[in-house]
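Observations on chain architecture
So the chains spell out like this:
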Amino acid sequence: MRDNARMTTLRIATRKSPLALWQSEHVADRLRATHAGLVVELVPMSTRGDEVLDRSLAAIGGKGLFLKELELAMLRGEADCAVHSLKDVPMELEGPFALPAILPRADPADAFVSNHYDGIAALPERARVGTSSLRRQAQLRALRPDLQLLDLRGNVNTRLAKLDAGDYDAIVLACAGLQRLGFDARIRARLQAPDWLPAPAQGAIAVECRAEDPAVHALFAPLDDAGTRVCVEAERAMNRALHGSCHVPVAAFAQREGDTLVLAGLVGSAAEGQVIRAEGEGAASDPESLGRRVAAQLLDQGAGAFLA
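Our subject in this report is the structure included herewith. It should be emphasised that the depicted structure is a prediction, and the values quoted were computed from it without experimental measurement.

Concerning the overall build of the chain
From N to C terminus, the chain includes 11 helices and 13 strands. The globule rule puts the C-alpha radius of gyration for 308 residues at 19 Å, and the 19 Å found for the chain is close to it. If you line up the chain on its principal axes, its C-alpha atoms span 65 × 45 × 35 Å. The proportion of buried residues among the 308 residues of the chain is 54%. A separation of at least 24 residues holds for 69% of the contacts in the chain among residues at least 6 apart in sequence. Total accessible area on the chain stands at roughly 12,900 Å², and carbon and sulfur atoms take up 50% of it. Here the chain contributes 35 positively and 40 negatively charged side chains, and the mean placements of these two sets differ by 3 Å.

Description of the nonpolar core
Ranked by internal contacts, the top residues of the largest apolar core, which has 21 residues, are Met-238, Leu-242, Leu-263 and Leu-298. Looking at this core, the elements that each hand over two or more residues are helix H9 (226–241), strand S11 (250–257), strand S12 (260–268), strand S13 (275–283) and helix H10 (287–300). Leu-10, Leu-31, Ala-101 and Phe-220 belong to the second-largest nonpolar core, a separate cluster that totals 20 residues.

Concerning the pairing of S13
Walk down a regular strand and you will see the side chains alternate between the two sheet faces. Across 9 bridges, S12 lies against S13 in antiparallel orientation. Within S13, the residue paired with Leu-261 across the bridge is Gly-282. Between S12 and S13, which pair antiparallel one after the other, the connecting turn spans 6 residues, and Gly-273 there sits at a positive phi close to 75°.

Remarks on the pattern of salt bridges
Across all of its chains, the model carries 22 salt bridges by this definition. Between Arg-136 and Asp-110 there is a salt bridge, with its nearest N and O atoms 2.8 Å apart. Of this pair, Arg-136 sits in helix H5 (residues 134–143) while Asp-110 is found in strand S5 (residues 110–113), placing the two residues 26 residues apart along the sequence. Residue Arg-136 shares its accessibility class with Asp-110, and that shared class is buried. Here Arg-240 makes a salt bridge to Glu-288, at a shortest N to O gap of 2.9 Å. Linking Arg-240 in helix H9 with Glu-288 in helix H10, this pair joins segments that are 48 residues apart in sequence.

Topic: H9
A rise of 1.5 Å per residue sets the reference length of H9, with its 16 residues, at 22 Å; its end C-alpha atoms lie 22 Å apart and thus fit the reference within 8%. Taken together, the buried positions of H9 are occupied by Thr-228, Arg-229, Val-230, Cys-231, Val-232, Ala-234, Glu-235, Arg-236, Ala-237, Met-238 and Asn-239. Structurally, H9 contributes buried residues whose contacts are with strand S4 (97–102), S11, S12 and H10. Just past H9, the residue His-243 takes up positive phi, approximately 55°.

Things to note about the state of the cysteines
The final tally for this structure, using the stated rule, is 0 disulfides. We note that Cys-175 lacks a disulfide partner, and the nearest cysteine sulfur, in Cys-231, lies 18 Å from it.

What to know about the environment of Leu-75
Here Leu-75 is to be found in helix H4 (residues 68–75). Sequence-wise, Leu-75 and Gly-95 are 20 residues apart; in three dimensions their C-alpha atoms are separated by 9.6 Å. Sequence-distant contacts of Leu-75, defined by excluding residues within four places in its chain, comprise Pro-96, Phe-97 and Arg-210.

Cut-off values and rules
- Residues numbered from 1 in each chain as written.
- Predicted model: local features only at pLDDT ≥ 70, side-chain atom pairs only at ≥ 80, totals over all residues.
- Heavy atoms only, no water.
- Helix = DSSP H or I, 4+ residues; strand = E, 2+ residues; numbered from the N terminus.
- Rg over C-alpha atoms; globule rule 2.2 N^0.38 Å.
- Buried < 20%, exposed > 50% of the residue type's maximum accessible area, 1.4 Å probe, protein only.
- Contact = heavy atoms within 4.5 Å.
- Areas by Shrake-Rupley, 256 points an atom, 1.4 Å probe, with all protein chains shown as cover.
- Lys, Arg positive; Asp, Glu negative; His and termini not counted.
- Charge placed at Lys NZ, Arg CZ, Asp CG, Glu CD.
- Core = buried A, V, L, I, M, F, W, Y, C linked by side-chain atoms within 4.5 Å.
- Pairing = 2+ DSSP bridges.
- Salt bridge = Lys/Arg side-chain N within 4 Å of Asp/Glu carboxyl O.
- Expected span 1.5 Å × (residues − 1).
- Disulfide = S-S within 2.5 Å.

In structure tokens:
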């Protein structure tokens, strides 16, 4: 714990991928603009999630692998905080960590990317589509059971290069990641709610730090976006109630309408292409209850069979 008045340098642990570095530098720029004189340094690190690319995330332990090394750096005192895509952050943070800031959400939709076809419906029979996300696989298979769904790992640049090399007819990525790296023109179609649902908290950047570090919390307080936080809290609460992870195809998207939150949720089977949907609305002041309620609706419809 440190006195905020004496905190003149902040160190951000970050993965080394171009997107992670962009996100961390974006947060750093926001901090510098908010706190005159604050020196912000990036501490780039490699994580197991970045290093093991020959197997799906589900097979090697889940998206939490992107966080572990960064959290250890904070515990060792080598970094003061870490920046993540919130969709990669486990529903329950392990150890003495908290999320002091969630920045305004970017485009939450998925992107259909292809050099030859305008959308999922335009793909030829048995077309090869690359994605390692079980959530995306379930929704693709529900729409087009004939497609060949192939694993696709690596950073955004690597995935685009594999498409350009002819390994796939199309790939599915997050719109936000493509836009942040200047690849807007690669988006052939936006896959969006209500027909297609994103990962819980997709498009939102989160800051993680030690819970007992008031100086860091104070620096990030002005960056927290209340409107984004309430939506992603509902989505993450639904996922948490379902015990969802990257092992299970779970999708969620919440929108705020005045004092009301509307949450759409989906659980599916990547193998069979079956999907179960539910929707609910509730007070924006209690996103946790809304998330649990939509999760209960999904379970009442039989989602437990996909979650087992």
